[in-house]
Amino acid sequence: MTRKSVSLSVFLVAAWATQVAAQTAGVGGSTTSTLAGTGSTTPTSSGSSTTGGGNVQVQLNKVGNRDYPTPLNPMLPVGKQACDEGTITVTLSNLPNAAQFPYLEVWLQTSMSVECNSGKRNTAPITENTRCVKVPISSDDEQLKNKSYYTITVPLSDAVCGSSGNKTLYFLAMASQNNNDDALYYGKLSFKLDLDPPNAPTNVTGGTGETEIELSWDLPPTVLQYVWTLVDTTAVVGDLDGGTAECSSTKLIPGTHFDPADIPPEGVIRSKKTTLRSQEVFNGEGWGTEYAAAVVVAGDQAGNPSVLSEIGCLHVVKTSGFWDRYQENGGTADSGWGCSVSGPQGSHGSRRAAQTVLPAVFILGVWAARRRLRRRAR
Amino acid sequence: MNFARIACLALAVFCVTSTLPLTAAVRADEVPKGTTNNQGLSELDPHYIPATRAFRSPERFLVEFRGGPYSVFSKKAYGNYFSDDSGPLLSLHLDAIAYRIPDMLYVTGGFSFGWMKFSGDAIVRDTGETSTEETTLTVLPMMVTAGIRLDVLPRRLSVPLIFAARAGLEFARWDTGTGARTDATGWAVGPVFSAQLALDLDSFESGGARALDEEWGINHTYLFAEMLSFFPVSKSLDIGTTTWLLGLGFIF
């Protein structure tokens with residue numbers, strides 16, 4: 001083969017490889033993902049299935065008292081609240097015959113060098129529980145039965161919740177309760193435990209208004225999932241500490257812990273947003289106060305809330321807009337075909353007008369499309 | 001050696017065929033075997049459309065997309081809320097062609113629908129200071145117009161300028177509010193006039209224009225600038241003004 005033909009071959013192979021790579025990226029570049037700590041892959045459409053390895057399917061259903069959110073790719077971390085509530089609930093399926101393998105054991109992997117399905121998980125001379133730690137489950141859950149699936153509650157002990165990081169639980173279907181036996185049938189559940197709350201939002205600033213009072217803030221530069229706002233409509237005018245703040249609150253103390261499960265104190269309005277934002281608008285008409293104290297709490301993907309932010313004061317005042325000024329200056333627009341309908345209105349004219357015109361545009365589009373099709377047919 | 005050459009050749013053929021544009025492949029499929037690809041030629045280069053084939057589709061409508069600045073209450077005492085806001089006005093106009101002298105003029109009638117919104121800071125009633133709340137005015141102008149359109153210059157003299165004028169009535173639905181509160185709503189009605197100078201795009205790319213007509217039934221395309229004047233009657237909210245708009249229009 002001549003040098004020229006070799007060069008041509010290399011060029012063509014490179015062109016072909018580039019094209020194939022481009023097609024692959026365009027079609028299915030993100031259709032699979034690897035679950036953390038497992039090395040296995042699962043389609044993104046797998047819902048809440050978390051097969052982590054082995055031949056037993058393991059699905060995480062509940063974290064604490066709450067359903068585990070979907071979709072799971074990338075897997076959402078498990079937060080401190082789950083540890084406080086103390087349990088997770090999983091469903092096992094594809095289990096072996098319970099007559100031959102009647103015992104279920106749950107082990108937490110503590111050393112990446114040892115797989116907990118192996119008989120080495122707890123063998124001397126290695127000190128017990130340094131490779132894998134057995135997680136106690138109820139005696140009823142320990143006895144497997146012949147069922148297509150099996151739901152058990154796993155306590156989150158200190159061994160699991162002691163520190164943040166990737167955790168892997170092994171679910172072993174055993175023929176005996178000998179801790180040194182290899183497990184022929186097992187499943188893995190890997191998840192990330194995040195016990196560290198995000199920082200609180202900063203630069204919380206309240207606006208002035210009547211029906212749309214703006215509260216704005218800066219979010220901390222971490223990956224977040226939730227924003228809570230709390231407004232104390234019984235705020236104290238002026239600073240409790242004698243400072244220059246316009247308002248303060250005895251119910252919302254900056255820097256204190258926030259528990260999403262708590263019922264807010266009387267007079268405090270709480271809202272939770274799952275779309276991240278750096279401002280919110282409040283209607284202060286019914287508050288009956290001149291100042292309201294507002295704080296913001298950021299929540300990360302694991303649901304860990306930050307502490308309460310600094311206070312932003314919402315100043316509730318009567319405002320006047322264009323129409324007030326228009327009338328004060330002798331504006332004479334009235335009813336009829338130069339008409340005005342004064343006073344609060346429930347709906348806006350723009351919606352009604354759009355309802356009239358959009359069907360006409362749609363009909364025109366259909367007519368144009370049919371005309372084009374007829375022309376093409378000819 | 002021979003095997004390597006054959007493999008190289010096969011790879012070359014694969015690469016070339018797979019990188020050909022998809023449209024070309026489709027066109028090739030449409031031509032029956034054993035015939036000349038005249039259709040393909042004409043689509044690739046509109047100048048090769050056979051002379052016997054009619055390419056002028058019927059002209060029935062005009063549609064225009066337009067937008068431009070729009071200021072309200074500029075000399076009024078209550079106009080300072082929106083003094084820094086110039087809309088813009090965005091509008092869609094549809095005309096039916098009532099009468100046509102070929103290559104000379106159109107007589108049209110139609111309607112348009114538009115949108116514009118103005119906003120400014122509301123003020124604190126007691127102190128007169130600026131609040132963080134907004135006061136807004138939203139206007140939905142709808143017009144019914146009749147018009148005349150002269151296209152004799154581009155059609156007969158190859159000068160790509162078109163003159164048009166319209167007159168009619170505007171019905172502008174408006175609502176104004178402060179914060180989440182709607183203060184008032186109503187209609188402003190009055191005569192509206194417009195004069196348009198358009199640049200005929202067909203004159204610059206006649207082949208493309210014919211292809212557009214063949215494929216979509218769009219006879220003519222033009223860019224335009226328009227002066228628009230609205231004179232609301234005295235009891236209407238005085239949102240009338242004279243302003244200019246730019247847009248793109250199609251005759252189909």
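Scope of this entry: the structure provided in the associated data block. (Residues numbered from 1 in each chain as written. Chains lettered and ligands numbered in written order. Predicted model: local features only at pLDDT ≥ 70, side-chain atom pairs only at ≥ 80, totals over all residues. Heavy atoms only, no water.)

1. Focus: unusual backbone geometry
Using the following cut-off: Runs of H or I in DSSP of at least four residues are treated as helices and runs of E of at least two as strands, each being numbered from the N terminus.
Following B:Gly87, the chain continues to B:Pro88 via a peptide bond in cis, the omega torsion being 5°. As for its position among the elements, B:Pro88 is in the loop between strand E1 (61–68) and strand E2 (89–101). Non-glycine residue A:Asn94 carries a positive phi angle of around 60°. The residue A:Asn94 is located in the loop between strand E6 (87–93) and strand E7 (103–109) in this model. Non-glycine residue B:Asp103 carries a positive phi angle of around 60°. Checked against the element boundaries, B:Asp103 lands in the loop between E2 and strand E3 (105–124).

2. Some remarks on the sheet that holds strand E8 (residues 132–135) of chain A
All names here are of chain A. Keep this limit in mind: Two strands form a pair only when DSSP identifies at least two bridges running between them.
On the basis of which strands lie adjacent, the open sheet formed by five strands has the order E5-E11-E10-E7-E8 and mixed pairing. The open sheet is flanked by strand E5 (78–79) and E8, the only strands paired with a single partner. Here strand E10 (residues 165–174) pairs with strand E11 (residues 185–194) via nine bridges, running antiparallel. When the sheet's bridge partners are listed, Thr-168 is paired in E11 with Ser-190.

3. Concerning the state of the cysteines
Residues and elements named next belong to chain A. Applicable threshold: A pair of cysteine sulfur atoms is labelled a disulfide when the two atoms are within 2.5 Å. Burial classes: relative accessible area under 20% of the type maximum marks a residue as buried, over 50% as exposed, and values in between as partly exposed (1.4 Å probe, protein chains only).
All told, the structure shown has three disulfides over all chains when counted by the stated rule. Each disulfide pairs two cysteine sulfurs, and for Cys-83 the partner residue is Cys-161, the sulfurs being separated by 2.0 Å. Every disulfide takes its handedness from the sign of the S-S torsion; for Cys-83 and Cys-161 that torsion is -85°, giving left-handed. Taken together, the residues Cys-83 in helix H2 (residues 80–85) and Cys-161 in helix H4 (residues 158–161) connect sequence positions 78 residues apart. For the pair shown, Cys-83 and Cys-161 are each scored as buried. Across the disulfide from Cys-116 sits Cys-132; the S-S distance is 2.0 Å. Given an S-S torsion of about -95°, the disulfide between Cys-116 and Cys-132 has left-handed geometry. Linking Cys-116 in the loop between E7 and E8 with Cys-132 in strand E8, this pair joins segments that are 16 residues apart in sequence. Each member of the pair Cys-116 and Cys-132 is classed as buried.

4. Concerning the packing of aromatic side chains
Definition in use: Stacked, edge-to-face and tilted labels apply to pairs of Phe, Tyr and Trp rings (six-membered ring for Trp) whose centres lie within 6.5 Å, assigned for plane angles under 30 degrees, over 60, and everything in between, in that order. The rule is short: NZ of Lys or CZ of Arg within 6 Å of the ring centre and within 35 degrees of the ring normal puts a charge over the ring.
In total, this model carries 16 aromatic pairs over all chains according to the counting rule given. Ring plane angle 35° and centroid distance 5.7 Å describe the contact between A:Phe322 and A:Tyr326, whose orientation is recorded as tilted. Here A:Tyr326 and A:Phe322 lie together in helix H5 (residues 322–328), a separation of four residues that amounts to about one turn. Judged by relative accessible area, which is 0%, A:Phe322 ranks as buried. Since its relative accessible area comes to 2%, A:Tyr326 is described here as buried. Taking the centre distance of 6.0 Å and the plane angle of 45° together, the rings of B:Tyr222 and B:Phe224 count as tilted. Just as B:Tyr222 is buried, B:Phe224 falls in that class too. An aromatic cluster is built from A:Phe322, A:Trp323, A:Tyr326, B:Phe73, B:Tyr81, B:Phe82, B:Phe118 and B:Trp174, whose rings are joined through pairwise contacts. A cation sits over an aromatic face here: A:Lys272 above A:Tyr226, 4.4 Å from the ring centre. One residue, B:Arg149, lies across the ring of B:Tyr222, its end atom 4.2 Å from the ring centre.

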